[in-house]
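Each chain, written out:
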Amino acid sequence: MEHIVIIGNGISGVTAARHIRKLSDKKITIISAESDYFFSRTALMYVYMGHMTFEHTKPYEDWFWKKNRIALKKGFVKTIETDTKTLHFAEGDTLKYDKLIIATGSKPNTFGWKGQDLKGVQGLYTKQDLENLEIYAPNNEVCKRAVIVGGGLIGIELAEMLHTRNIPVTFLVRESSFWNGVLPEGESAMINRHIKNHHIDLRLSSNLKEIISDETGKVKSIIIEETGEEIICDFVGLTAGVTPNIDFLKHSNIELGKGVKVNRFLETNVPDVYAIGDCAEQHEAIGNRRTIEAVWYTGRMMGEVVAQTICGNKMAYNPGHWFNSAKFFNIEYQTYGWVNGFKKKPDYESHFHWKHDDDTKCITIAFDKNTTVFLGINTLGIRMRHEVFDRWLTEKQHVDYVINHLAEANFDPEFYKHYEQDIQRTYNNQFQSI
Ligand SMILES: Cc1cc2nc3c(=O)[nH]c(=O)nc-3n(C[C@H](O)[C@H](O)[C@H](O)COP(=O)(O)OP(=O)(O)OC[C@H]3O[C@@H](n4cnc5c(N)ncnc54)[C@H](O)[C@@H]3O)c2cc1C
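Note that this is a predicted model, so its numbers are computed, not measured.

Focus: the nonpolar core
Line of reasoning, step 1. Formed by 47 residues in total, the largest nonpolar core has its most connected members in Ile6, Ile80, Leu87, Leu100, Ile101 and Ile102.
Line of reasoning, step 2. Setting aside residues up to four positions removed in sequence, leucine 100 forms contacts with Val5, Ile7, Ile80, Leu87, Asp272, Val273 and Tyr274.
Line of reasoning, step 3. Core analysis: the next-biggest nonpolar cluster, separate from the first, contains 40 residues, Phe54, Ala137, Val169 and Cys362 among them.

Side note on the packing of aromatic side chains
Line of reasoning, step 1. Per the counting criterion, the structure on display carries 23 aromatic pairs.
Line of reasoning, step 2. Seen from their ring centres, phenylalanine 64 and tryptophan 65 are 5.0 Å apart, and the 80 degrees between their planes marks the pair as edge-to-face. As far as the burial class goes, phenylalanine 64 and tryptophan 65 line up, both buried.
Line of reasoning, step 3. Ring centres of tyrosine 297 and phenylalanine 323 lie 4.0 Å apart, and the angle between their planes is 15 degrees; this geometry places the pair in the stacked category. Here tyrosine 297, found in helix 7 (residues 296-310), pairs with phenylalanine 323, found in strand 21 (residues 323-328); they are 26 residues apart in sequence, far enough to count as distant.
Line of reasoning, step 4. Overall, the relative accessible area of 8% leaves tyrosine 297 in the buried class.

What to know about the site of the ligand
Line of reasoning, step 1. Taken together, the neighbourhood of the ligand is formed by 29 residues, with Ser12, Glu34, Arg41, Tyr125 and Asp278 sitting nearest.
Line of reasoning, step 2. Taking arginine 41, its side chain carries an N or O atom lying 2.9 Å from an oxygen atom of the ligand.
Line of reasoning, step 3. Within the contact set of the ligand, an oxygen atom lies 2.7 Å away from a side-chain nitrogen or oxygen of aspartate 278.

With respect to the side chain of serine 350
Line of reasoning, step 1. Take serine 350: it is sitting in strand 23 (residues 349-355).
Line of reasoning, step 2. Residue classification places serine 350 among the buried residues on the basis of a relative accessible area of 15%.
Line of reasoning, step 3. In this view, serine 350 contacts Ile365, Ala366, Phe367, Lys369 and Phe431; residues no more than four positions away in its chain are not counted.

A short note on the pairing of strand 22 (residues 331-337)
Line of reasoning, step 1. With six of its seven residues buried, strand 22 lies for the most part within the structure.
Line of reasoning, step 2. One ladder, built from six bridges, connects strand 21 with strand 22; its direction is antiparallel. Across the sheet, the residue bridging to lysine 327 is glutamate 332, located in strand 22.
Line of reasoning, step 3. In this structure, the hairpin formed by strand 21 and strand 22 is closed by a connection of two residues, where phenylalanine 329 is found at a positive phi of approximately 50 degrees.

Some remarks on the sheet that holds strand 16 (residues 235-238)
Line of reasoning, step 1. An order of 9-16-10-11-12 is seen for the five strands of this open sheet, with the pairing classed as parallel. Each edge of the open sheet carries a strand with a single partner, namely strand 9 (121-122) and strand 12 (201-203).
Line of reasoning, step 2. Against the sheet, helix 5 (residues 153-164) contacts strand 10 (146-149), strand 11 (169-172) and strand 16, and its axis sits at roughly 165 degrees relative to strand 10.

Remarks on unusual backbone geometry
Line of reasoning, step 1. Even without glycine at this site, asparagine 166 takes up a positive phi of about 60 degrees.
Line of reasoning, step 2. Positionally, asparagine 166 belongs in the loop between helix 5 and strand 11.
Line of reasoning, step 3. One non-glycine residue, lysine 396, adopts positive backbone phi at about 50 degrees.
Line of reasoning, step 4. With respect to the secondary-structure elements, lysine 396 resides in the loop between helix 8 (386-394) and helix 9 (399-404).

Remarks on helix 10 (residues 413-430)
Line of reasoning, step 1. With 18 residues, helix 10 ought to run about 26 Å at 1.5 Å a step, and its terminal C-alpha atoms sit 24 Å apart, in line with that.
Line of reasoning, step 2. Its axis deflected by about 50 degrees at tyrosine 419, helix 10 carries its strongest bend there.
Line of reasoning, step 3. For helix 10, the complete set of buried residues consists of Phe415, Tyr416, Ile423, Thr426 and Tyr427.
Line of reasoning, step 4. Taken together, the buried residues of helix 10 touch strand 23, strand 24 (362-368) and helix 9.

Rules used throughout
Residues numbered from 1 in each chain as written. Predicted model: local features only at pLDDT ≥ 70, side-chain atom pairs only at ≥ 80, totals over all residues. Heavy atoms only, no water. Core = buried A, V, L, I, M, F, W, Y, C linked by side-chain atoms within 4.5 Å. Buried < 20%, exposed > 50% of the residue type's maximum accessible area, 1.4 Å probe, protein only. Contact = heavy atoms within 4.5 Å. Phe/Tyr/Trp six-rings, centres within 6.5 Å; stacked < 30°, edge-to-face > 60°. Helix = DSSP H or I, 4+ residues; strand = E, 2+ residues; numbered from the N terminus. Near = heavy atom within 4 Å. Polar contact = N/O pair within 3.5 Å; in protein donor to acceptor, adjacent residues only side chain to side chain. Pairing = 2+ DSSP bridges. Axes fitted to C-alpha atoms, helices over the stretch in contact; angles between N-to-C directions. Expected span 1.5 Å × (residues − 1). Bend = angle between axes of the 7 residues up to and from the residue.

It is worth stressing that arrangement in space is one thing and function is another; only the former is reported here.
And the structure:
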């Protein structure tokens, strides 16, 4: 019987396994060095915040795997010999495969900062990171101040987590405004204010220079590059983005870029070896999408697609229109299509921006200023319906149509009834010439 081996028990590896099982009787093994069972990485923050236990982050009961004949192996794959189709484990044993799926996810970026390996310095990615957070930042007695380095989605999650335990936080953000590589100016500025309203010591245009040790090898303070200021702290969170977790493949025959290089069928250059999820890098970008996408739903989609191919129904990965969501403290963020941030905005892209007086809700709609075709929408603090925007993007609707039909997108109906006229009036004022 053909043996499918999957390295990584995250959303992409587990989805692939489940779908291969649905479609076939093949022998399946999932390997992970991190945890015995699949858990939801996106829920880690809620465990620290006391909303759920780690047990609750497991989407399947422990018996599920045996019942579905999916073998689970704990171990760290050190090298892959593709000629003999053999995996070598750090623990010394080996495993043969017929087809291999690499689904090894990401790891937090570090930039060779002095002190980055000290005790109390870590990323927020793994189950072990969560456990270490409980050691070094359980409360504000043990951790009198935390410093977070890197203003992205994980950085702001970590700030919220520490804030719920009343731990003072200094947040170093390299950019001049929070996440302004992605968010347009008005949204980014709103989130700056929201972060500060939560008493987070937000330092914009600030880089980490080094982390200083105490006499026991634990972090004592950090130095800011631009000002030389020393900030005394007990914990440093490194959240300056993630990169594919593929160091163990360096000496294999598998082609690597930043991630494992794959074609649209998620095939690598080596026959019978596939890569999916955060660690996969498309040879060529699909539309405007990035070649590596470290988000949950794309990992799940790739898992489903690769299962089809492996079970004889060769299928290309076709993710459709981009969408994403996140949370910045109390403000929910949703995005559909493309709304480019200040730095990346192409010449043809124009933005309509509306902000509620309470400074926690806003809408930005991007459109092509030559053709007026709708390109994408961001909302902060307002919920949208995925299928409506997905349809409007496919139909290439014009921005006027979108503005006039926003109610269909099921913004909170009461809210929308109240502000519909104001949004339309603002739009007409901003774009009278269109
Ligand atoms: C704190 C946090 C919050 C997030 N929130 C969101 C969110 O709100 N929305 C969203 O879309 N995305 C979010 N993400 C990103 C999302 O979690 C990832 O995109 C997704 O988990 C990637 O899944 P994956 O299956 O590709 O890899 P992973 O989940 O990283 O799983 C890979 C597994 O492979 C194992 N592994 C790696 N190398 C080896 C090896 N050599 N041997 C054995 N095992 C190995 C790893 O230990 C790991 O268990 C968040 C991420 C983090 C860290």
